[in-house]
Amino acid sequence: KLVRKCGFLPLAIRIAAKMARAHPDFLRSENDLESITSTIKTVKDVSASNETIIHILNRSFSFVTDTDASFAVKICFAAMAVVFHRDDRVRPWISKNIVEVLWSKLLELDKLRPHLNKLREYRLVNMADISRLLNIMGLVDNRQALKNENEESKDQNKSIQLQIHHDLLWEYGKEVAVQYASIIK
């Protein structure tokens, strides 16, 4: 039923499945399933212009209901998309620690510091919470990678890496970065 409601679109199915995994009540609510359906109908009824795609991807961030906290999460996602973008064909895996240092430094800027406080009020206390949230939202994948292949058996030698899930999400991140660039400067 969920796959059908998502119009058989892989990205929509993935985001809905991530939501259902994080919040099991999600599948029991017809309103949530209808929200997915209306989003998919919007894609089918309107030509897939950049504005339509941006609007739909913006809805992904409605998961964070506080406007300031949502803005901060968008900024973090956009920074990851811009800083770690190689080219249009490659979606690199990036050390989670490096990404979180970037986000931490970004949110310490004077103009963004109030948003950091909002994140904390929203229980996103550290950058790892943002990584986890972006993963739950279906925007970022994570994996464990070995630091040293000769020591496979030791868990402490594994590092977590992040990757933006889909090409459209890379593009969305770059669009958000352009949109909010004047705020950061």
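As shown above, the structure is provided for reference.
Residues numbered from 1 in each chain as written. Predicted model: local features only at pLDDT ≥ 70, side-chain atom pairs only at ≥ 80, totals over all residues. Heavy atoms only, no water.

**Q** Looking at this structure, I do not really get the overall build of the chain. What am I missing?
**A** Helix and strand content of the chain: 9 helices and 3 strands. Tracing the chain from N to C terminus, the helices and strands come up as α-α-α-α-α-β-α-α-α-β-β-α. A burial count over the chain gives 42% of its 185 residues as buried. The contacts in the chain between residues at least 6 apart in sequence include a share of 67% that link residues at least 24 apart. (Helix = DSSP H or I, 4+ residues; strand = E, 2+ residues; numbered from the N terminus. Buried < 20%, exposed > 50% of the residue type's maximum accessible area, 1.4 Å probe, protein only. Contact = heavy atoms within 4.5 Å.)

**Q** Can you walk me through the side chain of Asp141 in this structure?
**A** Residue position: Asp141 is located in strand S2 (residues 140-146). Judged by its relative accessible area of 15%, Asp141 is buried. Setting aside residues no more than four positions away along its own chain, Asp141 makes contact with Arg14, Trp93, Asn135, Gln161, Leu162, Gln163 and His165.

**Q** Explanation requested: the nonpolar core in the structure shown.
**A** For soluble globular proteins, the rule of thumb is that nonpolar side chains tend to be buried together. One finds Phe77, Met80, Trp103, Leu107, Leu119 and Leu134 to be the most contacted residues of the largest nonpolar core, which totals 38 residues. Elements represented by at least two residues in this core include exactly helix H5 (67-83), helix H6 (96-107), helix H7 (113-121), helix H8 (127-136), strand S3 (158-164) and helix H9 (167-184). Among the elements that take part in this core, H5 stands out by supplying 11 residues, more than any other. In contact with Leu134, other than residues within four places in its own chain, are Phe61, Val73, Phe77, Trp103, Leu139 and Val140. (Core = buried A, V, L, I, M, F, W, Y, C linked by side-chain atoms within 4.5 Å.)

**Q** I keep staring at H5 and nothing clicks. Help me out?
**A** For an α-helix, 3.6 residues make a turn, and residues three or four places apart therefore share a direction. With 17 residues, H5 extends 24 Å from end C-alpha to end C-alpha; this agrees with the ideal 24 Å at 1.5 Å per step. Within H5, 13 of the 17 residues are buried, which leaves the element mostly enclosed by the surrounding structure. Between the side-chain oxygen of the N-cap and the backbone nitrogen of Asp68 there are 3.1 Å, and the N-cap of H5 in question is Asp66. (Expected span 1.5 Å × (residues − 1). Polar contact = N/O pair within 3.5 Å; in protein donor to acceptor, adjacent residues only side chain to side chain.)

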